[in-house]
Amino acid sequence: MAKKSVFIGLYLVFVLLGASIQAQSFSPRLILKEVNARRAQACSCGEQQMTAVPPLVWNERLARAAQKHADFLESRERFSHTGRRGSTVAQRVEAEGYQWMGVGENIAGGQEDEAEVVAGWMGSPGHCANIMNGEFTEMGVARSKKGSIWVQVLGRPAAGSGK
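Notes on the environment of C43
Take C43: it is sitting in strand β2 (residues 43-45). In the structure, C43 is positioned 89 residues away from M132 in sequence and 8.5 Å away in space, judged by C-alpha atoms. Sequence-distant contacts of C43, defined by excluding residues within four places in its chain, comprise Q48, Q49, M50, M122, C128 and M132.

Let's talk about the pattern of salt bridges
Across all of its chains, the model carries five salt bridges by this definition. A salt bridge links R64 to E96; its shortest N-O distance comes to 2.9 Å. Highlighted residues: R64 in helix α2 (residues 60-76) and E96 in the loop between α3 (89-95) and β5 (100-109), separated in sequence by 32 residues. Classification of E96 as buried rests on a relative accessible area of 12%. K68 is the partner of E96 in a salt bridge, and the nearest nitrogen-oxygen pair spans 2.6 Å.

Description of the state of the cysteines
In this structure the tally under the stated criterion is one disulfide. Disulfide pairing places C45 opposite C128 at an S-S distance of 2.0 Å. Torsion about the S-S bond of the C45 and C128 cystine: about -60°, corresponding to left-handed handedness. Of this pair, C45 sits in strand β2 while C128 is found in helix α5 (residues 125-131), placing the two residues 83 residues apart along the sequence. As far as burial versus exposure is concerned, C45 and C128 are alike and both buried. The cysteine C43 is free of any disulfide, with C128 supplying the nearest cysteine sulfur at 4.0 Å.

Section: the environment of S148
With respect to the secondary-structure elements, S148 resides in the loop between β6 (138-143) and β7 (149-157). When its relative accessible area of 17% is taken as the criterion, S148 is described as buried. C-alpha separation for the pair S148 and Q111, spaced 37 residues apart in sequence, amounts to 7.3 Å.

Some thoughts on the side chain of R143
Within the secondary structure, R143 sits in strand β6. Buried R143, no salt bridge; nearest opposite-charge side chain is E112, N-O distance 5.3 Å. Polar contacts involving the side chain of R143 include one to the main-chain carbonyl oxygen of G147, which spans 3.1 Å.

Side note on helix α4 (residues 114-122)
Within α4, burial applies to E114, V117, V118, G120, W121 and M122. Of the surrounding elements, those touching the buried residues of α4 are α1 (28-39), β2, β5, α5, β6 and β7. Where α4 begins, the capping side chain belongs to D113, and its oxygen is found 3.3 Å from the backbone nitrogen of A115.

What to know about α1
The end-to-end C-alpha distance of α1 is 16 Å, a good match for the 16 Å that twelve residues give at a rise of 1.5 Å each. Residues of α1 that are buried: I31, L32, V35, N36 and R39. In an axial view of α1, the angular spread of the buried residues amounts to 130°, which keeps them on one side of the axis.

Details of the nonpolar core
In terms of nonpolar packing, the biggest core is built from 22 residues, with I31, M132 and M139 touching the most fellow members. Of all the secondary-structure elements, those providing two or more residues to this core are α1, β2, α4, α5, β6 and β7. Top element by residues in this core is α4. It accounts for four residues. Sequence-distant contacts of M132, defined by excluding residues within four places in its chain, comprise R38, R39, Q41, C43, C45, M50, T51, A52, V53 and M122. L73, Y98, I107 and I149 belong to the second-largest nonpolar core, a separate cluster that totals 17 residues.

Reading guide: rules and limits
- Residues numbered from 1 in each chain as written.
- Predicted model: local features only at pLDDT ≥ 70, side-chain atom pairs only at ≥ 80, totals over all residues.
- Heavy atoms only, no water.
- Helix = DSSP H or I, 4+ residues; strand = E, 2+ residues; numbered from the N terminus.
- Contact = heavy atoms within 4.5 Å.
- Salt bridge = Lys/Arg side-chain N within 4 Å of Asp/Glu carboxyl O.
- Buried < 20%, exposed > 50% of the residue type's maximum accessible area, 1.4 Å probe, protein only.
- Disulfide = S-S within 2.5 Å.
- Lys, Arg positive; Asp, Glu negative; His and termini not counted.
- Polar contact = N/O pair within 3.5 Å; in protein donor to acceptor, adjacent residues only side chain to side chain.
- Expected span 1.5 Å × (residues − 1).
- Arc of directions from axis to C-beta.
- Core = buried A, V, L, I, M, F, W, Y, C linked by side-chain atoms within 4.5 Å.

Written out as structure tokens, the structure reads:
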């Protein structure tokens, strides 16, 4: 039996205290395109050299898990990989019906747009390593309703799961 693995990215907070961030238009597909452009090239994630890896494909179940977590964090004014009732990213994707072999999560706060959030993740060794992890084949991403929190969920479906 293959071992399941969970990867949690380190996170950076860029929220300006007292700033009111209004939700703006958000294109999850633009983030997918930006992430795949990064994955297409070798890079350094801190001290770790990463090779180019295949592109990710969109997964709606991962996106739903990301959206629920982003909205939960915003509503509780929290910034954590721990969710409602102490849930983990693995539990959140399972609740959406995603059967996984590998799963990871990146979170961010305060970025204005898709390019800025991807650049921030790529500038953080833990986030970058998640994005460049060739084990992951799918992703979903969300921005909280008011726009202050971003959540990216990366996954590899279990063999024969039908996602």
